[in-house]
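Understanding the architecture of this molecule
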Amino acid sequence: VFWFWSAGFMLDELVGFNEQGFSLYIMSFWNIFDLGILLLLILYYCMRIYGVFLPTPNHGWNDSAYDVLAANAILLLPRIFSVLDHYQYFSQLLLAFRLMAIDLAAVLILVLISCSGFFVFFTLSNTPNQREYSDVAYKIFQILMGFTPAAWEV
C-alpha cells in the first residue's frame, strides 16, 4: 500500500511541477516540503532496489534505506498541518515564517564567511601547538553555539 501511495504522490508532484514551472512551484511553502519528501522517497527507492538486487546479500543497504524512510517523517509530520492553511491567521504566520527563514539564511552566510576567516587563521598560523583542521572547526562551532564547558565536556 505504501509503495502505491508513494508512487502516486511522486507522480502528482511531478505533474504539478511540470504544469507550474519551477519558480511558481517553489513559491508555495508546502511544495518545498513536498520536494524534500520526493527526493527522500527517490533515495529510499534507489537504496532499496540496490539492496534487493545486490548479488551478495548485504543488509546494510536495506537498513540504510529504512533509515532514509524514517528521516522522511521529519518532513511528513509537519506536512499534516497544511490543513490549517485555510485559516487566515495561520496563512499569515506561514508568510512571516518564510520571510524569517530567508533572513536566517542570509545571516548564516555572513556567519560562515566570518568563521571561515578565523578557521584559515588558526589552521595556517605557525604556532607551537598546531591543531588539526577538524579540531579547529569543532572549537569554532562550539564558540558559535555558545561555549559552555559543562555542556560540551559530557
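Shown above is the structure to which this text applies.
Residues numbered from 1 in each chain as written. Predicted model: local features only at pLDDT ≥ 70, side-chain atom pairs only at ≥ 80, totals over all residues. Heavy atoms only, no water.

A short note on the packing of aromatic side chains
In this description, an aromatic ring pair is defined by two values, namely the gap between the centres and the angle between the planes. Taken as a whole and judged by the stated rule, the model has 12 aromatic pairs. Where Trp5 meets Phe9, the ring centres are 5.6 Å apart and the plane angle is 15°; that geometry is what we call stacked. A residue pair is termed a helical-turn pair when its members lie 3 or 4 positions apart in one helix, as Trp5 and Phe9 do in helix α1 (residues 2–20) at 4 residues. The exposure class of Trp5 is partly exposed, given its relative accessible area of 43%. With relative accessibility at 15%, the residue Phe9 sits in the buried group. These aromatic residues form a ring-pair network of at least three members: Phe2, Trp3, Trp5, Phe9, Tyr44, Tyr45 and Tyr66. (Phe/Tyr/Trp six-rings, centres within 6.5 Å; stacked < 30°, edge-to-face > 60°. Helix = DSSP H or I, 4+ residues; strand = E, 2+ residues; numbered from the N terminus. Buried < 20%, exposed > 50% of the residue type's maximum accessible area, 1.4 Å probe, protein only.)

Brief notes about the side chain of Ser6
By the element assignment, Ser6 lies in helix α1. In contact with Ser6, not counting residues within four places along its chain, are Leu41 and Tyr45. (Contact = heavy atoms within 4.5 Å.)

A few points about the nonpolar core
By size, the foremost hydrophobic cluster in this structure holds 10 residues: Phe9, Met10, Ile37, Leu38, Leu41, Tyr44, Tyr45, Met47, Ala65 and Val68. Every element with two or more residues in this core is listed here: α1, α3 (29–52) and α4 (59–71). Counting residues per element, this core draws most heavily on α3, which supplies 6 residues. With near-sequence residues (within four places) excluded, Tyr45 lies in contact with Phe2, Trp3, Ser6, Ala7 and Met10. (Core = buried A, V, L, I, M, F, W, Y, C linked by side-chain atoms within 4.5 Å.)

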